[in-house]
Structure formats: structure tokens, C-alpha cells
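Okay, here's what each chain looks like letter by letter:
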2 protein chains.
Amino acid sequence: MNVKNTESSYMSSFFNPGSLVIIGASNAPGNLGAPMCHSLKKLGYEGNVFVVNRKGEEVHGCAGFVSISEVPGKIELAVILTPAKTVPRIMRECGEKRISNVIIETAGFGELGEEGKELQQEIDLTAREYGIRFIGPNCIGSMDAHRRFTSFFGVKPGVFDELFDNPGETSIITQSGGVGTLVLRSLMSDVVGFSKIVSIGNRADIDESDMLEYLANDPLTGVICMYLENIGDGKKLMRAASGSDKPVLVYKAGTTSQGARAASSHTAGMANNNLVFESACRQAGIVRLKSVTELYSMPKIFVSMPVLKGNRVVIVTNTGAFGTILTDLLVNSGMNPVVLSDKMQAAIVNTATVFNAANPIDLGPGIDGEAFLSVFRLLLESDEVDGLVLAINVWQQSIIDAIIRLTDLCREYGKPAAIYTPNSIERVLHVRRNFGIPAFETPEEAVRALVVSHRYHVIQSKKSVNGSRNTMMRDKKFTGDKPVGADDTMIPGMVESVDQAIE
Amino acid sequence: MNVKNTESSYMSSFFNPGSLVIIGASNAPGNLGAPMCHSLKKLGYEGNVFVVNRKGEEVHGCAGFVSISEVPGKIELAVILTPAKTVPRIMRECGEKRISNVIIETAGFGELGEEGKELQQEIDLTAREYGIRFIGPNCIGSMDAHRRFTSFFGVKPGVFDELFDNPGETSIITQSGGVGTLVLRSLMSDVVGFSKIVSIGNRADIDESDMLEYLANDPLTGVICMYLENIGDGKKLMRAASGSDKPVLVYKAGTTSQGARAASSHTAGMANNNLVFESACRQAGIVRLKSVTELYSMPKIFVSMPVLKGNRVVIVTNTGAFGTILTDLLVNSGMNPVVLSDKMQAAIVNTATVFNAANPIDLGPGIDGEAFLSVFRLLLESDEVDGLVLAINVWQQSIIDAIIRLTDLCREYGKPAAIYTPNSIERVLHVRRNFGIPAFETPEEAVRALVVSHRYHVIQSKKSVNGSRNTMMRDKKFTGDKPVGADDTMIPGMVESVDQAIE
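Residues numbered from 1 in each chain as written. Chains lettered and ligands numbered in written order. Predicted model: local features only at pLDDT ≥ 70, side-chain atom pairs only at ≥ 80, totals over all residues.

**Details of the overall build of chain A**
Across its full length, chain A carries 19 helices and 18 strands. Of all 503 residues assigned to chain A, the portion counted as buried reaches 57%. Sequence separation of at least 24 residues holds for 74% of the intrachain contacts in chain A that already meet a minimum separation of 6. (Helix = DSSP H or I, 4+ residues; strand = E, 2+ residues; numbered from the N terminus. Buried ≥ 20, exposed ≤ 12 C-beta atoms within 10 Å, placed from the backbone. Contact = placed C-beta atoms within 7 Å.)

**A look at helix α2 (residues 34–43) of chain A**
Residues and elements named next belong to chain A. Judged by how many residues are buried, α2 sits mostly within the fold: seven of ten residues are covered. Every buried residue of α2 is accounted for by Ala34, Pro35, Met36, Cys37, Ser39, Leu40 and Leu43. In the core, the buried residues of α2 are packed alongside β1 (19–23), β2 (48–52), β8 (149–150) and α5 (161–165). Looking one or two residues past α2, Gly44 carries a phi angle of roughly 75°, positive in sign.

**Some remarks on the interface of chain A and chain B**
Each side of the interface is counted separately: chain A has 51 residues, and chain B has 51 residues. Those elements giving two or more residues to the side of chain A that touches chain B turn out to be α6 (177–187), α9 (257–267), α13 (320–332), α17 (425–435) and α18 (443–464) of chain A. Among the elements that take part in the side of chain A that touches chain B, α13(A) stands out by supplying ten residues, more than any other. Tallied by class, the residues present in the side of chain A that touches chain B amount to 19 nonpolar, 25 polar and seven charged. (Nonpolar A, V, L, I, M, F, W, Y, C, P; charged D, E, K, R; others polar.)

**Considerations on the relation of the copies chain A and chain B**
Its rotation angle being 180°, the transformation that places chain A on chain B also includes 0.0 Å of axial translation and leaves an RMSD of 0.0 Å. The symmetry that links the two subunits is that of a two-fold axis. (Least-squares fit on C-alpha atoms with pLDDT ≥ 70 in both.)

**Some details on the environment of Pro137(A)**
All names here are of chain A. Mapped onto the elements of the fold, Pro137 is located in the loop between β6 (133–135) and β7 (141–144). The class of Pro137 is buried, set by 28 C-beta atoms lying within 10 Å. Placed 34 residues apart in sequence, Pro137 and Ile103 show a C-alpha to C-alpha distance of 7.3 Å.

**Description of the environment of Phe50(A)**
Mapped onto the elements of the fold, Phe50(A) is located in strand β2. Along the chain, Phe50(A) and Ile23(A) lie 27 residues apart, while their C-alpha atoms are 8.6 Å from each other.

**A look at the sheet that holds β7(A)**
Residue and element names in this part refer to chain A. In spatial order, the strands read β8-β7-β10-β9-β11-β12-β13; together these seven strands make up an open sheet with mixed pairing. Two strands in the sheet have a free side with no partner beyond their single neighbour: β8 and β13 (287–288). Inspection of the sheet shows strand β9 (residues 170–174) paired to strand β11 (residues 223–228) by five bridges, in the parallel sense. Bridge assignment links Thr174 to a residue of β11, and that residue is Tyr227. (Pairing = 2+ DSSP bridges.)

Scope: geometric values only; no functional claims are made or implied.
Shown next as C-alpha cells:
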């Protein structure tokens, strides 16, 4: 992999600092830093936590001081929550204290006209002078579930305990705090835990590409999800993505000119041409997501299942209509709902009473868990099949048990199954929560997960064949993976000129 | 309206029979008719319920007989659950008993090859001989929430009590029992109740068009949702849809050739060209849905909000990113995220501290419910605005109260608001369940609801201008409403020839 480890080592202090100071945390009512102190104590975070405020008061057990210079010992990270106009002075004090990492969560900089831009420039100069690397301004902070660390402001202690108690391997880079919070809350309703999350805000210094490069090399990260509204440096992002062996899933908003205008008012970025971005993603091996929802619904296909290595997918259902619906969706996504050979069909008919054995396989409403398992096994063993999509309305324990067992079988045979349970959302949450079944919420989501998984597989395969990656965008298989709002035609020569055009 | 009331009066016996007999209900373990008896008793259904079984035994308080002829008095409806080969004989007995309405729930007819087709023909002949009108075969029955009636087989008593206790105005016609059940269960997680549901199965006699015509004239039905895999009689469906003043929302599966093949194996229908069907929908004023999910997510925009009369939509949010995301979605759906006049922007800025007043209106995280309400009022009053879409992360009671109040204001001003609360699905369910807020689950769903609502408005407007309806399909505003899998081009002359082509 093409990564400079020397540059990424400083990044760990943003997620697991040995010591930190929260500037602006106090006991005043409504203070946004106090819950951060409270959360760190409640989570049992192991590093030293100090606060700086006007009174020098202790906050939730974190020793307080009136200035940064008074804080004892070496400090790895400063989190700034004070008003915008105070930030340049505080940055200088951090520099004097030799704090190398800063998260500026305060808003009111580049996103708010000329005055804000000047303040931001002042901070940039100070940071360069003292060699400080910083995240923000205008962000909500970082979290590391494995280290039980949070620098999110204003979040009540306990809200995300469930996530800290069950860390996972999905890491999130987000240009919006609101989207970050949505993703975290939604992962709480799912089977997938998070590893790290960072809100990059106006990314005046550290940007999405720095973070991507860091997470691509982070042993605790397996899947990387990004929410972007605009790209700071196109070449840099492509380099970072090309260097990742892990799935890089990106949802980019601001793809229409009106949307881009809306974006510039809150994250201070420049608009990028959607078509150019699309080309860049294909070239760099980024899997582009179609909705904000996919940032939290898609990771589970990677975390709980092997990747889809071919496009031949068999549908297994116990209600005929979902066989039809899924067939349409597979075809429209460029997947192949392959018709099974007579031999395979005969084997399936020998195993269980089926309404239809050709694909979709309709096992009807009366079948038991053992029959399901036998059919699953036949399909996973077969060299006619690359993966499965299920639409099984689970209600009997024997069928739930069969589906739990299926997830093990999938790993054993190296083929994925996207599981959909056609029932109310409450029932879907129930099978996820109580049985850990990685269930999708709609048939569209299940099929989309297979497409995304297969897309990643193709990216990885092409990466291993050196130099052939640029042909990926012409791959016919991915017609169904076209993002909402993208034009239907590719402009000739775009691949060659994308590096220039995206900047 | 263009409806023959004389023909639709017989239909009421399928939903509210004064007396019925369930043939095949017994106390044998696993019997599918027993729960039907149990449910009818538990629901307190007012009509007389009898059963026929080999022993003539009573089932859950419903008097039992060994033959239909022995059942006392006039019987309005027979529900048949016995094996396929017995059905022709039973139909004849129903005829002799002068039962005019029958629901044949048994499977194993036209959907299962030659032998089944012959059985089905036999039934058709008997029905014609005795003047019986029947639903099915191969269906799961009918329900009427207002009359507390069910003829669904195999459903445990109590499962749908919540729906019977809170009847609504959404009626469902489904060619699949599985989809019908999914829709009912999903409505239980939402703010919308159902009125009637009917599973039409192989529709050997009564088809989707008969039902549509009946429901279009049913005073207890306000919105009609249909799940179809194939169309029996295209002209008839178009006639029925054209005669409806109510929204007719259709999701059709089997739109790909592979999907259509899958469909024919379980509902015994013929494939229809997707493009032709699309044209027919536009011509007849059917709102075509894009997913099975929309069958239960879309009705609430009609039930809880006025229709969208123009395409100028204002976004109100308290997290910037959702302003950007929704702007993209509106633009890509043919809606207009209109930039507000300077005067309107000044009025908004005078009312509340906002990050952005142009549209999207970003009220920031710190605002209170009163400020939200003042902004809502300004927007609804304005002649620059046709409707709203909200992305407000509700967590304070004052904001929840403001949103509850907003739904009243929308009715007062005759403009809709599509409400999205960017939070975990559990929180969305919470605001629906505890506060009756008609919240959508994703930003895509919220925007889609506005598109669907506006689509219906345009259909109704064109219907009132006699003869101009055929131009609808050329309406540029609806480019975003193109169903998944439809071709991008319309074939010239298709509109004129669609009546012939769809059959």
C-alpha cells in the first residue's frame, strides 16, 4: 500500500490522546463542554482530562485552570469550544504549550463571509508557525469506540454507551455533524458497531483525504464511510482512496448546482462537478453511495458477509411476490438472477417441497428451518451461484435459527447472503437486535448491498492487476450503480483529465 | 364520476357480509380456518358466522355443519379453504344454497400448470351457471377495519387488533398475500390506518379493476394502493382508474422479462410491457410507485396533508447538511427549491435567528419551538411557497409541539409539509407512535411524498379540464417520477395505441 506512515502517526492523538485539555468547558448552565467531561469520566477514558475556563473550576472531576499555560505536564490534544474571536489567541497559547493536535469545534469562520475567513486565515498562520495540526473549525469532534474516547460537544453522557460497549470496524469521516450523529444513532438500531468517527467541519488543515489515509492504515478500521459536500483537493482524495485496501464508501451531497450553493453556506467549500466526481470515484476505487441512509445500511454487508465475487445471485423466498420484486431489482442493478441448471433444480426439489426451483426459489409458507438450511447449503456449495438474496418472513424460531446458521455458512463458503425479512420495521429491528441477523429494511437495500459488495470486489481485483484500473468506469456490469442525478453519458477523455478537472 | 353503481353493490358482501360460512374451518391442529373464526369472534364482528367441516363441529363459537345445504338461513358469503380438487363441488353447493359471493383462498389452480387450469375452468363455468361472483383462487382474503371483518386465513387473533381499533381511509388491492401482510404490518408502525384490504389472487373472476371501481365509490376509502404483477385487462383498468377521484397508487412488479417470468409461476398472469404500462398509467391518472415500500409510506401524505398544488418547495432544517441533501433531491425530482424573495428573507430574519434564510432555511441547533412556528406560519402564508419539506431533528418537547401544530397549520393554509426527522428509525417510530407526527423515514421518502402528492394534484386538475388528459405524459415536471427500469424514451404514437397494446 502507498501510505506514508510517518505522516499518519500524529493522527492517533485525535482519537486516543494520552492527555487532553477542553478549552471552554465549565459548570455554567447549557455549557457544551461539560457533557464532554462527564462522558469521558463515565466511559472511563484512561487519558488525563483537564479543562480551562474563566474561573479555573473543575468540571465533572476534570481539574480546571484559568489558562492553558497552567495545565500541568505534556498535553497531546486541545479541544476548543470558545467563541470564534477568541480562537486565534487560544491557538497561540496551545502553540506555546507545545500542544501538537487541536480540534476547533467553534463555528463562525470560513462558512460565514469575509470576517470569518480572516479569522480562519489567522488560525492557519498560527498553526503553521507552531507546527500544530488541527481538525475543524466548525465541527463536532471525534470518537473512538475501542478507546472509549469522545470529543463530541453537547452530547448527553450515556447516549452512545451501547456503541462504546460494542465497538466495531466501521469508521466514519463526515463533513457534517448532523449526518455523523444520524449515522451513529442509526448504527445503534443495527448489528454493526463503529470504530472511529470524525467530523472534519471546514477542514482548514486536516481534510477528508488525510483522514482517509489514516483510517486506511488503522488496524481497528475495516470499512470507511464518508459524507462529503465538496472536495478540498481532488488529486489528494484520489491518491488516498487508491491506497486503501478497505472498502471506501462515499455519499456526496451538493451534486446539483442548487444543492452545491446550499452546501457552501454551511461548510465553506467549493462546488465540484458531479460527473467529474463520479469519474474520479471510479478511477480511485471509491464506491459511491446513493443516499445518506446507505452510510449506515451498507457497512453491514462488508462486516457480516464475504464479498460478492460474481454477479450470479439466487433468490430464496417464502412468499412468491418477493421473488418477482427481487428479480426485477437484480436485473435493473446489473446483477444476474441466474436460472439454475436442471441438475441443481432437481437437487433442490429432492431436498424440500418447493413452489419453484429455477430461481427465484420459492419454498412456500409451510417449510421448516431444516429444509431452508439444506437448500442454503446446496446453493452455497454450487459453482453456479455467487451469492444469495433472501426474502424470508421470519416468525418461527426454527427459521430464525436457520438464518443465524446461514451467516456462518456464508463465511464457510466465501459467498454473501443479503437478508431481507418482509415485515414491519419493528420486526426487522427485532431480528437484528435479538438475534444479530444482519437484516436489511427493504428489498432495494438488500440488492443494493450485493451491488456495493460486488463493486468493491471488482475494485480490489483491478487494483491487484497493476495499471488496469482506469478501464473500470467502462465496465458494463455497473450500470445499476449510477448515482442519483448523474448524467447518463460519460464525456470522452474525462478519465484522462479528471485530475485537473476535479480541483 | 363514471361509475355503474348497480354493479358495485354486490361487492360489499366481500367486506361486510350479514352472514358467512367458512368451508374447511375445523378444530384440527394447524387448521387455517380456525384462527379466522377466532378473530371474527374476538373482533366482535356483527354478522352470523358458520363453519362447514367433516365432523360438523363448532369452531370458536361458530356453529358447525357437515354440508353447506344444512347451514340455516340466507348466507351472503362463503370462504373456501378446502383442497383444490374439492373446490368445483363446493362451488356447486354454494350455488345451490344461493350464495352469491365466494372467496376461494385455496391455491393450486392456474398458477400450477395444466391440471390446475382445468380445475379453474370448471369453477368459472359453475360460477357463471349460478351467477356467483368470486375472489381468488389462491388468495388470502379480505378485511374491513371499519366493520371489524376479516376473512384472512391463518392469521392469529389479535395480530391486527391495533389496525381494527384505529380504522383509516387507505384501501389496498393486492395480487400477493405476502405483500398485503407486509403493508398491514407496516401501517401498524405508522400514523395511517387502513379501511379495506383485499388479496385478489389469480382473479379468475373479480379482478383489480372491479375492486378499483368499487373502492373509488366506497365512502370509507380515501386513498387506493395496488400491488400488481400483471394486468388482466388493460382497458378495464384504465377505465376504472380514470373514474376515480381518489389517489390511485400502483406498484407493479414483474417489469423485467425475468421478473415477469417469476411472477407467472405464482399468480398465473401474463407479462405486460413495462413501457406500455407506464403510458397507460399516465393516461389513466394512476400514480405509479417505485417500490413495495411506497405502498405503505406514501398514503400518509394524502391522509395527513393537503395536496401539493405547485412545485415550489421550501426546506426547513436545523442541520445544514440536510438542507443540501434535500435541495439535491428536490431538483432531481423536478421540484423547485425556490429562492425566496428579499422581502420574505427579511421577514424570516426578523422572526428568528437563522443561518440561512434563502432556502434551505437553516434555523440552527439552538432555536425554540415558537421560532419554528413563526417561520412555518410565514412560509405557509406566503404566495411564493407551495409546500414545505422538513428535516428537523426533534428532541425537545417544544419542537415536537411545534411540529404537531404545523400539521394543523398545513390544513388551515391548504399546503403540505413532508416531515423528516434525521434520527434513528427508533426515534422516527417514537414520534409517529407517541405524537402522531406523519414522519417519513428518509429524506428520499419525504421528497418522494411531495412528488406523489403533486402528481395527484396535476392528474385531478387535468381530469377537470375535459379531454386534455392525454398530454400529461409529456409534462416535463415529472421527469423525476420515472419508475425504476423504465426506458428513457417514449415511443411516438404509444399513447394512441396503448389500449390495444396493454391487453
